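Summary of structural features
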Amino acid sequence: MGSQRETIVIIGAGVVGVSIAYFTMKRLVSEHPDPESRPRVILLEQCEPGCSASGKSGGFLARHWSDSTDTEQLARFSYDLHAKLAEEHDGASRWGYRP
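Nothing here was measured: the structure is a model prediction, and the numbers come from that model.

1. A closer look at helix α3 (residues 72-88)
Compared with an ideal rise of 1.5 Å per residue, which puts 17 residues at 24 Å, α3 spans 24 Å between its outermost C-alpha atoms and is within 8% of the ideal. Of the residues one or two after α3, Asp90 is the one with positive phi, at around 55 degrees.

Written as structure tokens, this is what we have:
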């Protein structure tokens, strides 16, 4: 018998579940270059990704709307991360990202 690989199961393919799966895989790829030895990530959803609340929300991101509030640091981090992901994945042409 071959070696057994670990399996990471993520339940729910809304924005949180998909984000966890994405960043988990990104880290695993850097830590385990050989796909055969890399732990597997399985994302489970009862219908399809984004089929519930995450898929029905309107998307709008503003960097300065939370200034001087308790969530200012989180808002700035989220905005910067969104821009970084759009740059890494050609968001301008793939999903119409505009800075």
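Moving on from the coordinates now.
2. With respect to the packing of aromatic side chains
On inspection of all chains with the given rule, the structure shows one aromatic pair. Between the aromatic rings of Tyr22 and Phe23, the centroid separation amounts to 4.9 Å while the plane-to-plane angle is 85 degrees, which identifies the pairing as edge-to-face. Accessibility expressed as a relative area gives 28% for Tyr22, which makes it partly exposed.

3. Notes on the state of the cysteines
Tallied over the entire structure, the rule returns one disulfide. Paired through a disulfide, Cys47 and Cys51 show a sulfur-sulfur distance of 1.8 Å. Judged by the sign of its S-S torsion, about 65 degrees, the cystine formed by Cys47 and Cys51 is right-handed. With relative accessibility at 48%, the residue Cys47 sits in the partly exposed group. Judged by relative accessible area, Cys51 falls into the buried class, the value being 18%.

4. Thoughts on the environment of Leu43
Assignment of secondary structure puts Leu43 in strand β2 (residues 40-44). When the C-alpha positions of Leu43 and Val9 are compared, they lie 6.0 Å apart, and in sequence the two are 34 residues distant. Excluding residues within four positions of it along the chain, Leu43 makes contact with Ile10, Gly12, Ala13, Gly17, Val18 and Ala21.

5. Details of the confidence of the model for the chain
With 94% of its residues at a pLDDT of 70 or more, the chain shows a mean pLDDT of 89. Of all secondary-structure elements in the chain, the lowest mean pLDDT belongs to helix α2 (residues 53-56), at 74, while strand β1 (residues 7-11) reaches the highest, 97.

Criteria and thresholds
Residues numbered from 1 in each chain as written. Predicted model: local features only at pLDDT ≥ 70, side-chain atom pairs only at ≥ 80, totals over all residues. Heavy atoms only, no water. Helix = DSSP H or I, 4+ residues; strand = E, 2+ residues; numbered from the N terminus. Expected span 1.5 Å × (residues − 1). Phe/Tyr/Trp six-rings, centres within 6.5 Å; stacked < 30°, edge-to-face > 60°. Buried < 20%, exposed > 50% of the residue type's maximum accessible area, 1.4 Å probe, protein only. Disulfide = S-S within 2.5 Å. Contact = heavy atoms within 4.5 Å. pLDDT = per-residue confidence, 0-100.

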